[in-house]
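# Architecture at a glance
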Amino acid sequence: MNWTVRAKDKHNNIIKLKIESLDKENLKNNLKMLDYYPLRIERDYSIFGKKRLSNRIIIDFLEEWTSLEKVSINTQYALTIIKDNTSHKKLKDVLSIILFDINSGKTIEEAFNNCKSYFPDLFITNVIIGYKKGDLLSNLEMIKDYYSESFKTKEQVKRSLTYPKIVILLMFVVLFVIGKFIIPTYNTLFQQSGMKINTTTKLVINFFMFLGDHVFQIILLLLILISLFYLLLKIRGIRYLFDSLKYKIPFVATYQRIYVTYIFTTSLNLLWQSGYNKYESFEIIMNSFKNLFIRDKIRTISEEIKSGIFVSDAIKKSNIFEQNFVNTITVGEKTNTIQSSIETSAKYYHFKYNNFIKKLVTYIEPMFILFMGAIIVLIMIAIFVPMISIIKVVN
């Protein structure tokens, strides 16, 4: 059974825990043994599971933890200091659970493994490996650099897409204003003049009149369709089909190959440098992807490598990576320099992915501007040409 506990520790600090226990009485006894005074204990009936910590919180956590490890502070005490001083409520709750497990006699490995719902597998694996080999600081610094670079890349993508988002929003606002306030005025004028208008003008007027009169219904319909789409993606078969289609659409497939190669090489390089088993790393990397098609392919790679197939052959057979990477790792395996080949590829594809995003944005911005320009030209032709004819008649 899962329980939500609100309790006081020996320093009178309020803590919140989510703990598994057979019954309430057993849980109370365990809390008292660890100097926790329970204030409230309730069954946890949550159906949505535990929310994973964001990359920003994980980076802040690693920054603090690394600083404390550098001055040789005991791991358990370091986690306690971070818990007591962090401003992130979610992190405070997670660290309370980890420390509770450690105080209950569990190892660091068991405590972090119990929090897989909060941390990525890549993070937990590196922490455990570093702790086991007695070089936690080195692993923490590596994973901190990994998440920092990953966060910077995502932020760069978000900033790059800000302008196109503004342009799209502005375009919809302009279309709504035209359809609601401007087109009806011209439509009334054309009707009063008794003038025959061409087909293009009729279509433009009808479209904007419909848009202006039914804007809220259109928005509601779009929201329903989007919600339905996301619900359908919850079905594994449909989600798998949708994810596999990303490799069949020309431009999207190019992006997918670059992105997957970038994440794969960076994660693999991190795991191998931290000392993780080379041939079991693929199972950890698999969970870095939400795409079911990619996960299935990487699972197949892992199984084929375990059965004795060369790493380069399994990767080539998957057909989800950039060909240049396949060639590099093939040469690396033949010359027994596969680890350095992965490290070189990780650096190269980090640069290539960032460069691809920059180019993509430079193409998107003028495309939206041209699209808006085309709409304006169409409106001018459809509305203002008949207006000129009316003015001539009046004159």
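It should be emphasised that the depicted structure is a prediction, and the values quoted were computed from it without experimental measurement. Residue indices follow the written sequence of each chain, beginning from 1 at its first position. Per-residue local features of the predicted model are confined to residues with pLDDT of at least 70, and side-chain atom pairs are confined, for both listing and counting, to 80 or more; whole-chain, interface and lining totals are unaffected and use all residues. Each side-chain value is derived from all of the structure's non-hydrogen atoms; neither hydrogens nor water enter the calculation.

A helix here means a DSSP run of H or I that spans at least four residues, while a strand means a run of E at least two residues long, and both kinds are numbered starting from the N terminus. Helix and strand counts for the protein stand at 17 helices and 3 strands. Exposure categories follow from relative accessible area, calculated using a 1.4 Å probe and restricted to protein chains: below 20% of the type maximum is buried, above 50% is exposed, and the middle band is partly exposed. Split into buried and exposed, the 395 residues of the protein put 41% on the buried side. The contact criterion used is simple: two residues touch if any of their non-hydrogen atoms lie within 4.5 Å. Partitioning the contacts of the protein with sequence separation of at least 6, the portion at a separation of at least 24 is 62%. Charged residues are defined narrowly, with Lys and Arg counted positive, Asp and Glu counted negative, and His plus the chain ends left uncounted. Where a charge lies is defined by one atom per residue type: Lys uses NZ, Arg uses CZ, Asp uses CG and Glu uses CD. Computed over 52 positive and 34 negative side-chain charges, the separation of the two mean positions in the protein equals 9 Å.

Turning our eyes to something else, we now look at the packing of helix α6 (residues 121-132) against helix α7 (residues 136-160). Two quantities define a packed helix pair, namely the angle between the axes and the distance from one axis to the other. Between the N-to-C directions of two axes lies an angle of 0 to 180 degrees, each axis being a line fitted to C-alpha atoms and, for a helix, fitted only over the stretch in contact. Closest axis-to-axis distance for the α6/α7 pair is 7 Å, and the angle between their directions is 160°. Relative to α7, the element α6 is oriented roughly antiparallel. For the element pair α6 and α7, the recorded crossing hand is right-handed. Contact residues: α6 offers Leu 122, Phe 123, Asn 126, Val 127, Ile 129, Gly 130 and Tyr 131, while α7 offers Leu 136, Asn 139, Leu 140, Ile 143, Tyr 146 and Tyr 147. Throughout, the ten residues Ala, Val, Leu, Ile, Met, Phe, Trp, Tyr, Cys and Pro are labelled nonpolar, Asp, Glu, Lys and Arg are labelled charged, and all others, Gly among them, are labelled polar. Tallied by class, residues from the contact of α6 with α7 come to 10 nonpolar, 3 polar and no charged. Relative orientations are named as follows: roughly parallel for angles under 35 degrees, roughly antiparallel for angles over 145 degrees, roughly perpendicular for angles from 65 to 115 degrees, and oblique for any other angle. Throughout, a crossing is termed right-handed when the near helix is turned clockwise from the far one, and left-handed when it is turned anticlockwise from it by less than a right angle.

Attention shifts here to the pattern of salt bridges. By definition here, a salt bridge exists when the distance from a side-chain nitrogen of Lys or Arg to a carboxyl oxygen of Asp or Glu is within 4 Å. Taken as a whole and assessed by the stated rule, the structure comprises 14 salt bridges. Ionic pairing is found between Glu 283 and Lys 306, a salt bridge with its closest N-O pair at 2.3 Å. Taken as a pair, Glu 283 in helix α13 (residues 281-286) and Lys 306 in helix α14 (residues 292-306) lie far apart in primary sequence, 23 residues in all. Classification of Glu 283 as partly exposed rests on a relative accessible area of 33%.

Take the environment of Glu 280 next. With respect to the helices and strands, the residue Glu 280 is situated in the loop between α12 (250-274) and α13. Judged by its relative accessible area of 38%, Glu 280 is partly exposed. Along the chain, Glu 280 and Leu 175 lie 105 residues apart, while their C-alpha atoms are 54 Å from each other.

Another aspect to go through is helix α16 (residues 323-334). One less than the residue count of a helix, multiplied by 1.5 Å, gives the span that helix is expected to have. Here α16 is 12 residues long and its end C-alpha atoms lie 17 Å apart, about the 16 Å a rise of 1.5 Å per residue gives. Listed as buried for α16 are Phe 325, Val 326, Ile 329 and Gly 332. Along the axis of α16, the buried positions cluster into a sector of 130°, meaning they face one direction only. Taken from the helix axis, the directions to the C-beta atoms give the arc we talk about.

What follows is about the packing of α7 against α12. Between α7 and α12, the least distance of the axes is 10 Å, while the angle of their chain directions is 170°. In terms of orientation, α7 and α12 fall into the roughly antiparallel class. Seen from α7, the contacting residues are Asn 139, Met 142, Ile 143, Tyr 146, Ser 150 and Thr 153; seen from α12, they are Tyr 262, Thr 266, Ser 267, Leu 270, Gln 273 and Ser 274. Of the residues contributing to the contact of α7 with α12, the split by class is 5 nonpolar, 7 polar and no charged.

Aromatic contacts are taken between Phe, Tyr and Trp rings whose centres are within 6.5 Å, Trp giving its six-membered ring; a plane angle under 30 degrees counts as stacked, one over 60 as edge-to-face, and the others as tilted. Enumeration according to the criterion identifies 24 aromatic pairs in this entry. Seen from their ring centres, Tyr 262 and Tyr 353 are 5.0 Å apart, and the 10° between their planes marks the pair as stacked. Placement of Tyr 262 in helix α12 and of Tyr 353 in helix α17 (residues 338-394) is noted, with a sequence separation of 91 residues between them. For the pair formed by Tyr 262 and Tyr 353, the shared burial category is buried.

You can see Thr 125 is positioned in helix α6. Judged by its relative accessible area of 10%, Thr 125 falls in the buried class. In contact with Thr 125, other than residues within four places in its own chain, are Leu 271, Tyr 276 and Ile 284.

Below, the discussion takes up the confidence of the model for the protein. The predictor rates its confidence in each residue with pLDDT, a number between 0 and 100. Confidence in the prediction for the protein averages 83 pLDDT; 94% of positions are at 70 or higher. Residue range residues 45-49 is modelled with pLDDT below 50. Its contacts to residues more than four positions away, or to other chains, number 0 contacts.

Moving on to a nonpolar patch on the surface. A contiguous nonpolar patch, built from Leu 221, Leu 222, Leu 225, Ile 226, Leu 228, Phe 229, Tyr 230, Leu 232, Ile 235, Ile 238 and Phe 242 and spanning about 980 Å² of accessible area, is present on the exposed surface. Contributions of two or more residues to the nonpolar patch are made by α10 (215-232) and α11 (236-245). When residues in the nonpolar patch are grouped by element, the largest group, 8 residues, is from α10. Looking at the secondary structure, you find Ile 235 in the loop between α10 and α11. Only residues whose relative accessible area exceeds 30% and that form no salt bridge enter a patch; like-charged residues are grouped when within 9 Å of one another, and nonpolar side chains (Val, Leu, Ile, Met, Phe, Trp, Tyr) when within 5 Å. The Shrake-Rupley method, run with a 1.4 Å probe, gives the accessible areas here. Residue values count only the displayed protein chains as cover.

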